[in-house]
Amino acid sequence: RNFETVKLKWKYLTFGCVTEDEFRIPHWKLSLVERKNWQKIDTKCIGHIYEIYPQPELPSVDMDQHMCNWISFLESHVYGQILQCEDFLFPSIRSNGIVQPGSPMSHDVVQKWIKEFCTGAGIDVALTHLSTHCFQ
């Protein structure tokens, strides 16, 4: 959900992972813990861990490559340093274009971008219900 995505921080990512089988496939993990409605009373389930693998054969949806590019951009142009645990992966941007590294992007901005992307793709947003549940 986009409402959760905009709040992602560097500390939720773990790079340099490999599968535990004989193939030792490299990947990284996205750990989402202590999220709304995900905690279950009296169980050990407190979140979800997603394994992200390279998909070079599908470059348009290769989250591994896109995220690595985005992190590189954040470090060089937004934060000016290697990301720290509490740094947001999608920081807020003021209307004047100034990035606010200490606060997350709002889901309203994501909703606006979804509408813009749909319009650019020729989708009539007036006839379409757009939700911020998924940003695909």
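Here the structure is shown first, and the text comes after it.
Structural notes, computed from the coordinates. Just so you know, these numbers come straight off a predicted model, no measurement behind them.

Per the stated rule, a full pass over the model turns up three salt bridges. In this structure, Glu86 and Lys11 form a salt bridge, with 2.8 Å as the shortest nitrogen-oxygen distance. A residue pair is termed long-range when its members are at least 10 positions apart, and Glu86 in the loop between helix H2 (63-78) and strand S4 (91-93) and Lys11 in the loop between helix H1 (2-5) and strand S1 (13-18) qualify at 75 residues. The exposure class assigned to Lys11 is partly exposed, which follows from its relative accessible area of 40%. For Lys112, the salt bridge goes to Glu116, with nearest N and O atoms at 3.9 Å. Taken together, the residues span about one helical turn, with Lys112 and Glu116 both in helix H3 (residues 107-120) at a distance of four residues. Salt bridges sharing partners connect three or more residues here, namely Lys9, Lys11 and Glu86.

Here the focus is the environment of Asp87. As for its position among the elements, Asp87 is in the loop between H2 and S4. Overall, the relative accessible area of 12% leaves Asp87 in the buried class. Spatially, the C-alpha atom of Asp87 lies 7.9 Å from that of Lys11, the residues being 76 residues apart in sequence. Asp87 has contacts with Leu8, Lys9, Trp10, Tyr79 and Ile82, leaving out every residue within four places of it along the chain. Side-chain polar atoms of Asp87 contact the backbone nitrogen of Gln84, separated by 2.7 Å.

Centre-to-centre distance and the angle between the planes together describe a pair of aromatic rings. Under the counting rule described, the total for this entry stands at four aromatic pairs. For the pair Trp70 and Phe73, a centre-to-centre distance of 5.5 Å together with 25 degrees between the ring planes defines the contact as stacked. One end of the pair, Trp70, and the other, Phe73, are both in helix H2, three residues apart, so they sit about a helical turn from each other. Exposure remark for Trp70: the relative accessible area of 31% places this residue in the partly exposed category. Residue classification places Phe73 among the partly exposed positions, given a relative accessible area of 39%. Within the aromatic cluster, the residues linked to one another by ring pairs are Trp10, Phe15 and Trp28.

Thresholds, definitions, all that
- Residues numbered from 1 in each chain as written.
- Predicted model: local features only at pLDDT ≥ 70, side-chain atom pairs only at ≥ 80, totals over all residues.
- Heavy atoms only, no water.
- Salt bridge = Lys/Arg side-chain N within 4 Å of Asp/Glu carboxyl O.
- Helix = DSSP H or I, 4+ residues; strand = E, 2+ residues; numbered from the N terminus.
- Buried < 20%, exposed > 50% of the residue type's maximum accessible area, 1.4 Å probe, protein only.
- Contact = heavy atoms within 4.5 Å.
- Polar contact = N/O pair within 3.5 Å; in protein donor to acceptor, adjacent residues only side chain to side chain.
- Phe/Tyr/Trp six-rings, centres within 6.5 Å; stacked < 30°, edge-to-face > 60°.

Geometry only, nothing functional implied.
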